[in-house]
Amino acid sequence: MKTWKIAATLAGACLSVAAFSALPGCTSYQPGGSGFSDDTHTYYSTVHEPKSVSLVDTRTGQTLWTYEIPVNRQLTLRFYENQSPDTPDTPSRMHWREFEIGTKQGNLDNEMLVPMARDRRLDWVIRAHPEYPKTPAKAEAID
């Protein structure tokens with residue numbers, strides 16, 4: 001009898017977690033993906049691994065978009081399929097945004113039309129390193 005109650009409690013907990021995580025806006029931005037099949041990608045750029053990310057059209061080999069992520073920042077992007085059926089070469093949409101490194105959620109304010117999943121590839125490279133964060137120039141004192 002106790003085993004049945006434990007199993008029922010665990011099943012209820014699993015259903016609650018599944019229902020909660022399916023809510024819109026529950027995607028967690030982290031390297032390696034969110035853990036869901038939402039086609040979200042996050043890249044951290046650090047002093048010893050400064051990254052640049054490119055989107056390639058695999059039909060032509062053309063690089064469609066490149067982003068050099070500043071050191072100590074992250075780039076998060078997400079793909080949405082079949083958003084623009086009137087443009088058959090680029091029917092999907094990519095949304096992206098640069099954040100402070102470690103950001104788990106936020107609006108992806110930038111977007112562009114892209115090829116469908118089977119016709120695109122994300123490439124990333126580590127730039128020459130170490131690369132240190134750029135600091136703003138200090139204002140010079142006026143005599």
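Everything that follows concerns the structure shown earlier in this document.
## Examining the environment of H41
Assignment of secondary structure puts H41 in strand β1 (residues 40-45). Classification of H41 by relative accessible area gives partly exposed; the value is 25%. Along the primary structure H41 and R78 are separated by 37 residues, whereas in three dimensions their C-alpha atoms are 6.3 Å apart. Setting aside residues no more than four positions away along its own chain, H41 makes contact with L75, T76, L77, F79 and L122. Here D39 takes part through its side chain, which lies 2.9 Å from a polar atom of the side chain of H41.

## With respect to the sheet that holds β1
Taking strand neighbours across the sheet as the criterion, the four strands line up as β1-β4-β5-β6 in an open arrangement whose pairing is antiparallel. Each edge of the open sheet carries a strand with a single partner, namely β1 and β6 (110-114). Taking the axes of each pair of neighbouring strands and ignoring which way they run, one obtains an average angle of 20° across the sheet. In terms of strand pairing, strand β5 (residues 92-100) meets β6 through five bridges, oriented antiparallel. Counted as the bridge partner of H95 is E111 from β6.

Rules used throughout
- Residues numbered from 1 in each chain as written.
- Predicted model: local features only at pLDDT ≥ 70, side-chain atom pairs only at ≥ 80, totals over all residues.
- Heavy atoms only, no water.
- Helix = DSSP H or I, 4+ residues; strand = E, 2+ residues; numbered from the N terminus.
- Buried < 20%, exposed > 50% of the residue type's maximum accessible area, 1.4 Å probe, protein only.
- Contact = heavy atoms within 4.5 Å.
- Polar contact = N/O pair within 3.5 Å; in protein donor to acceptor, adjacent residues only side chain to side chain.
- Pairing = 2+ DSSP bridges.
- Axes fitted to C-alpha atoms, helices over the stretch in contact; angles between N-to-C directions.

That's the geometry; what it means functionally is another story.
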